[in-house]
Amino acid sequence: MKLLNYTIASSYPEISFKGKMIINTINPHSYCIAKKDSVFKRALTEADVLLPDGIGIVWAARVLEQRKIKKIAGYDIFIYLMEHLNSVQGSCFFLGASEETLELIRDRAKKDFPRVTIATHSPPYKTEFTQADSEKMYGQVNKSDAQVLFVGMTAPKQEKWVYLNKEFLSPPIICSIGAVFDFYAGTVKRSHPFWIKLGLEWLPRFIKDPKRLAERNLVSTPKFIAEVFNYKLLKKNH
């Protein structure tokens, strides 16, 4: 479980605009993907803050390290940062999703966080971006002079893109939050707080879309659980 040996945040990070802070999240599925994708692994392990966005990570920290940490979902850090920006009359940039989704985000954010200046850009839908694509993307971001960049292009593409282009991005805080764009826009409904409190946020989503989420819940999760127990047994025998 080498990936989990890196610092997993147990609370919200202290916000500072003095230096660049890259915030990523990890769950059992992204852990399994990172084992096979070296660039994604580096993107996670070299992030300034890695948040436990999954009850499986919370459980693993308790089993392996006897650490009690709190699940902090991408949506949680998004609201936390937006509330902070609203309090200081700050600015943010949303990079990802369709123009229609971004318009819904802008409309809602104007009501929820009226003191935040918002800019957006919808990148092309591609598995991999060309150099010209990336230059246009970070050019749009930097032109806005945003204090926080939210990236929503699904994992692992979003984290890898940030990792490979971080030196060209000017916002002090860069946060990859994937599906949060759709949740906040209302194009995808987030699980009811009842399920979130139980640590079963994944269950209603899986029931609604089992085919798309099959690998995440039926392959990655069992692999992750097995690896936690194997690693614990290995530690005990040594």
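Structure's up top.
A few points on the structure. (Residues numbered from 1 in each chain as written. Predicted model: local features only at pLDDT ≥ 70, side-chain atom pairs only at ≥ 80, totals over all residues. Heavy atoms only, no water.)

Some thoughts on helix H5 (residues 99-112)
Move 1: Relative to the 20 Å expected for 14 residues at 1.5 Å per residue, H5 spans 20 Å between its end C-alpha atoms, a close match to the ideal helical length.
Move 2: Taken as a whole, H5 has its buried residues at Thr101, Leu102, Ile105 and Ala109. Along the axis of H5, the buried residues cluster in a sector spanning 95°; they form a single face. Facing away from the buried side of H5 by over 90 degrees, the exposed positions are Glu100, Lys110 and Lys111.
Move 3: Buried positions along H5 lie against helix H4 (74-88), strand S3 (91-96), strand S4 (117-121) and helix H8 (180-185). (Helix = DSSP H or I, 4+ residues; strand = E, 2+ residues; numbered from the N terminus. Expected span 1.5 Å × (residues − 1). Buried < 20%, exposed > 50% of the residue type's maximum accessible area, 1.4 Å probe, protein only. Arc of directions from axis to C-beta. Contact = heavy atoms within 4.5 Å.)

Thoughts on the pairing of strand S1 (residues 21-26)
Move 1: Of all six residues in S1, six are buried; the element is thus mostly enclosed.
Move 2: Judged by which residues are buried, S1 turns out to be covered on both faces: Met21, Ile23 and Thr25 on one side and Ile22, Asn24 and Ile26 on the other are all buried.
Move 3: Sheet analysis places S1 next to strand S6 (residues 173-176), joined by three bridges and oriented parallel. Pairing of Ile22 across the sheet is with Ile174, part of S6.
Move 4: With four bridges joining them, S1 and strand S2 (residues 49-52) adopt parallel strand pairing. Note on S2: the bridge partner recorded for Ile23 is Val49. (Pairing = 2+ DSSP bridges.)

Focus on the nonpolar core
Move 1: The biggest cluster of nonpolar side chains holds 29 residues, and the ones touching the most others in it are Ile23, Met82 and Phe150.
Move 2: For this core, the elements supplying multiple residues, two or more each, are S1, S2, H4, S3, H5, strand S5 (148-152), S6 and H8.
Move 3: Looking at this core, the element that brings in the most residues is H4, giving six residues. (Core = buried A, V, L, I, M, F, W, Y, C linked by side-chain atoms within 4.5 Å.)

Quick word on the environment of Met82
Move 1: Inspection of the secondary structure puts Met82 in helix H4.
Move 2: Between the C-alpha atom of Met82 and that of Cys92, which follows or precedes it by ten residues, the distance is 8.3 Å.
Move 3: Those residues in contact with Met82, other than ones at most four positions away along the chain, are Cys92, Ala109, Phe113, Val116 and Phe150.

Overview of the environment of Val49
Move 1: If you trace the backbone, Val49 turns up in strand S2.
Move 2: Along the primary structure Val49 and Thr25 are separated by 24 residues, whereas in three dimensions their C-alpha atoms are 8.1 Å apart.

Some thoughts on unusual backbone geometry
Move 1: The peptide bond linking Ala155 to Pro156 adopts the cis configuration, its omega dihedral lying at 0°.
Move 2: By the element assignment, Pro156 lies in the loop between S5 and helix H7 (157-165).
Move 3: Positive phi is not limited to glycine here, since Gln66 has a value of about 55°.
Move 4: Here Gln66 is to be found in the loop between helix H3 (55-65) and H4.
Move 5: On the basis of relative accessibility, which here comes to 59%, the residue Gln66 falls in the exposed class.
Move 6: The phi dihedral of Gln89 is positive, around 55°, even though this residue is not glycine.
Move 7: Relative to the helices and strands, Gln89 resides in the loop between H4 and S3.

Examining the pattern of salt bridges
Move 1: Tallying each qualifying case throughout the model produces four salt bridges.
Move 2: Across the pair Glu227 and Lys35 runs a salt bridge whose closest N-O atoms are separated by 2.8 Å. One end of the pair, Glu227, is in helix H11 (residues 210-237); the other, Lys35, is in helix H1 (residues 28-36), with 192 residues separating them in the sequence.
Move 3: Close ionic contact of Asp133 with Lys126 constitutes a salt bridge, the shortest N to O distance being 2.8 Å.
Move 4: Among the residues examined, Asp133 registers a relative accessible area of 14% and is labelled buried.
Move 5: Judged by its relative accessible area of 34%, Lys126 is partly exposed. (Salt bridge = Lys/Arg side-chain N within 4 Å of Asp/Glu carboxyl O.)

Everything listed here is a matter of coordinates, which is why it stays silent on function.
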